[in-house]
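Understanding the architecture of this molecule
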Amino acid sequence: MSSTDDIIRGIGEGSIRAIARALSMVENGSADSVEVLDKVFSLQSGFSIGVTGPPGAGKSTLVSRMISRYRSQENTVGVIAVDPSSPFTGGALLGDRIRMQSHASDPGVFIRSMGSRGHLGGLSGATRDASLVLSAAGYSPVIIETVGVGQAEVEVADLADITLLVLVPGLGDDVQSMKAGIMEIGDIIILNKADRNGIDQLESYVRASLELMPPGIRKPEVVRVSAVNGDGLENLWKAIDRLAAIHSDEQRKSRSAIKTLNEILKENGLLFAERLLETQYNGREAAEELILSGTLSPYAIGKKLLETAEGMLKHNGSK
Ligand SMILES: Nc1nc2c(ncn2[C@@H]2O[C@H](COP(=O)(O)OP(=O)(O)OP(=O)(O)O)[C@@H](O)[C@H]2O)c(=O)[nH]1
Ligand SMILES: [Mg+2]
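Keep in mind it's a predicted model, so treat the numbers as computed, not measured.

A short note on the coordination of the magnesium ion (ligand 2)
When a metal holds four donors in a tetrahedron, each ideal angle between them is 109.5 degrees; when it holds six in an octahedron, the ideal angles are 90 or 180 degrees. Within the protein, the magnesium ion (ligand 2) binds to Ser60 (OG) and Glu145 (OE); these donor distances fall in the range 2.1 Å. Pair noted here: Ser60 is in helix H4 (residues 59-72) and Glu145 is in strand S4 (residues 142-147), with a separation of 85 residues, a long-range link.

So, the packing of aromatic side chains
Two numbers describe a pair of aromatic rings. These are the distance of the centres and the angle of the planes. All chains considered together, the criterion is met by two aromatic pairs. With centroids separated by 6.3 Å and ring planes inclined at 70°, the aromatic side chains of Phe47 and Tyr70 adopt a geometry described as edge-to-face. Here the residue Phe47 occupies a position in the loop between helix H3 (32-40) and strand S1 (48-53), and Tyr70 occupies one in helix H4, the gap between them amounting to 23 residues. Take Tyr70: its relative accessible area is 3%, and that puts it in the buried class. Over the ring of Tyr70 we find Arg69, and its NZ or CZ is 5.1 Å from the ring centre.

Remarks on the pattern of salt bridges
Per the stated rule, a full pass over the model turns up 19 salt bridges. The closest approach of N and O atoms between Asp129 and Arg128, which form a salt bridge, is 3.0 Å. Each member of the pair, Asp129 as well as Arg128, is classed as buried. The partner of Glu267 in a salt bridge is Arg128, and the shortest N-O contact between them spans 2.9 Å. Here the residue Glu267 occupies a position in helix H12 (residues 249-281), and Arg128 occupies one in helix H7 (residues 122-136), the gap between them amounting to 139 residues. One continuous salt-bridge network, built from bridges that share partners, spans Arg128, Asp129, Asp158, Lys259, Glu263 and Glu267.

Here we look at a nonpolar patch on the surface
Taken together, the side chains of Leu120, Leu270 and Leu271 make up a nonpolar region of the molecular surface, amounting to roughly 230 Å² of accessible area. In this structure, Leu120 sits in the loop between strand S3 (109-114) and H7.

Conventions and cut-offs
- Residues numbered from 1 in each chain as written.
- Chains lettered and ligands numbered in written order.
- Predicted model: local features only at pLDDT ≥ 70, side-chain atom pairs only at ≥ 80, totals over all residues.
- Heavy atoms only, no water.
- Donors = N, O, S within 2.8 Å, 3.2 Å for Na, K, Ca; no water.
- Helix = DSSP H or I, 4+ residues; strand = E, 2+ residues; numbered from the N terminus.
- Phe/Tyr/Trp six-rings, centres within 6.5 Å; stacked < 30°, edge-to-face > 60°.
- Buried < 20%, exposed > 50% of the residue type's maximum accessible area, 1.4 Å probe, protein only.
- Lys NZ or Arg CZ within 6 Å of the ring centre and 35° of its normal.
- Salt bridge = Lys/Arg side-chain N within 4 Å of Asp/Glu carboxyl O.
- Patch = residues over 30% accessible without salt bridge, like charges linked within 9 Å, V, L, I, M, F, W, Y side chains within 5 Å.
- Areas by Shrake-Rupley, 256 points an atom, 1.4 Å probe, with all protein chains shown as cover.

And the structure:
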């Protein structure tokens, strides 16, 4: 399987090899991936669920529960485990493989870890495109697990149609130091490890923090669960179903298409600016030197690049 056409056809047919090839192309930022993404874009269906939260919060355990739930409804499920700490993953992470082992041999489940070796849009760009590939191949939901609660994770979480923020007792200072904005990431805040001491304090803290949210922002639902013993999961499924029912597939597709266009404009802008830097200043490093030596300001360089681009457009007779 080497030709782009084979990969495109394979994705439509749900071929595991084709999907795996496409995901590698996306991760490496290969130019051919754009051709693939373009052709499979219209095949997307279903919805995606983002799961984020601090290390060890029980995200993978919850994802595994979620897989069982959707598999029992005959859905096929795609999982992307995002690892912001490593640009080099490729294939499933060992830990995630172990925790989701019971699903590893199920042909209705596709699990893949993602880094961002070469994608222009970084990790969130790579994840967005990977999610598209899985969705086009018919997996729904596509579940995106990402570790952490920083800016990178917020971006990744924001890709999904429904976002779950997983918190656990004993985070202590971590929770205290979380910016108030963290609560705004989640459509649902899951208080996991409800079998542990400290769950009441965590719930009080979270509810108090939500009270401080500015008016006009929809407050997330708060659901207590224990991913290991299964308590509270029914409530979680109901909360997810309620959210999934708010928007139609068409509405979700439109929102994500416009968002993707905005991101691609930024990615292309960056690419084009780098090209212009090459032609005008011998590249980014040389331009940085000019700034650091006090020869030019960043604004002077920006202005010059725009003028150059305008000049090229005029030269080509475009408007
Ligand atoms: N007591 C208790 N332990 C849990 C619960 N959920 C998960 N765990 C345990 O917490 C540990 C971490 O679980 P994971 O599912 O790997 O957590 P994670 O958030 O995916 O971890 P990273 O991907 O490494 O950030 C494992 O030992 C789980 O068995 C729970 O509800 N109660
Ligand atoms: Mg995990």
